[in-house]
Amino acid sequence: MNKYKNILVNALVNLGDVVLTTGAVALLKRAYPEARITMLVKPAVREAVENNPVIDEVIVFAYKAKENSWGQMMAMVRDLKSRHFDLSLSLDRKLRPALLAFLARIPERVGPDRVFGPKKSRVTWLYTKTVPIGYDLDKTLQVDTYQNIVRGLTGQGARGSLSLLP
């Protein structure tokens, strides 16, 4: 297992899903206790994770999905590149965070082959490693899917507890 020191967790999802990702982040911190973990989130969910004991820093990325935000994207790419992350872990499999990590030249970019439905996506082409999700997503809790992504990266079998405040 690699020893990552500076990890970016992409979770540009809504509040409920961000809460569910905290168990996965706890597993990640257990696997890499010395690593600095930074979470990339939407502005509306910042407060839900900014004082989380397993998250060292929160980066807020304000964008509007339907608007041309190339300038915002490139500013975020420069910011991420300057932080020298060695791992980007995507918990949402969206194009925007995968593209940010790719353009910021984060050397390891890991994400699931699917997360919200059965459809495969070309977004995975931007990852250096894809974690296969080989079960029926409709019959599995979303919290388990997020944790399975981390288990697929780390090889650990533990469960992580959801965590909101210290």
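All values reported here derive from a predicted model rather than from experimental measurement.

(A) Structural view of the overall build of the chain. Within the chain, the secondary structure is distributed over five helices and six strands. Tracing the chain from N to C terminus, the helices and strands come up as β-α-β-α-β-α-β-α-β-β-α. Counting every position in the chain, which comprises 166 residues, the buried fraction comes to 51%. A fraction of 57% describes how many contacts in the chain between residues 6 or more apart in sequence connect residues 24 or more apart. About 8,300 Å² of surface is accessible on the chain, with carbon and sulfur atoms providing 54% of the total.

(B) Here's a closer look at the pattern of salt bridges. Under the counting rule described, the total for this entry stands at six salt bridges. Where Arg 83 meets Asp 79, a salt bridge forms, and the shortest distance between an N and an O atom there is 3.0 Å. Exposure remark for Asp 79: the relative accessible area of 24% places this residue in the partly exposed category. Residues joined by salt bridges that share partners form a network here, namely Arg 36, Glu 57, Asp 79 and Arg 83.

(C) How the structure looks around the pairing of strand β1 (residues 6-10). Among the five residues in β1, five count as buried, and that is most of the element. Side chains Asn 6, Leu 8 and Asn 10 project from β1 onto one buried face, and the interleaved Ile 7 and Val 9 project onto a second face that is buried too. Bridge count for β1 against strand β2 (residues 36-41) is five bridges, and the pairing is parallel. Within the sheet, the bridge partner assigned to Ile 7 lies in β2 and is Ile 37. Of the crossover connections in this fold, the one passing from β1 over helix α1 (residues 15-31) to the parallel β2 is right-handed. By the bridge criterion, four bridges tie β1 to strand β4 (residues 87-90) in an arrangement that is parallel. Within β4, the residue paired with Leu 8 across the bridge is Ser 88.

(D) Focus on unusual backbone geometry. A positive phi angle, near 55°, is found at His 84, a position not held by glycine. Within the secondary structure, His 84 sits in the loop between α3 (70-82) and β4. The class of His 84 is exposed, set by a relative accessible area of 62%. We note that Arg 105 has phi near 60°; this positive angle belongs to a residue other than glycine. Its place among the elements puts Arg 105 in the loop between α4 (95-103) and β5 (108-112).

(E) Fine view of the side chain of Ser 90. Relative to the elements of secondary structure, Ser 90 occurs in strand β4. Side chain to side chain, Ser 90 and Asp 92 meet in a polar contact 3.2 Å long. A polar contact is formed between the side chain of Ser 90 and the side chain of Tyr 127, at a distance of 3.5 Å.

Rules behind the numbers
- Residues numbered from 1 in each chain as written.
- Predicted model: local features only at pLDDT ≥ 70, side-chain atom pairs only at ≥ 80, totals over all residues.
- Heavy atoms only, no water.
- Helix = DSSP H or I, 4+ residues; strand = E, 2+ residues; numbered from the N terminus.
- Buried < 20%, exposed > 50% of the residue type's maximum accessible area, 1.4 Å probe, protein only.
- Contact = heavy atoms within 4.5 Å.
- Areas by Shrake-Rupley, 256 points an atom, 1.4 Å probe, with all protein chains shown as cover.
- Salt bridge = Lys/Arg side-chain N within 4 Å of Asp/Glu carboxyl O.
- Pairing = 2+ DSSP bridges.
- Right-handed = clockwise from strand over helix to strand, strands pointing away.
- Polar contact = N/O pair within 3.5 Å; in protein donor to acceptor, adjacent residues only side chain to side chain.

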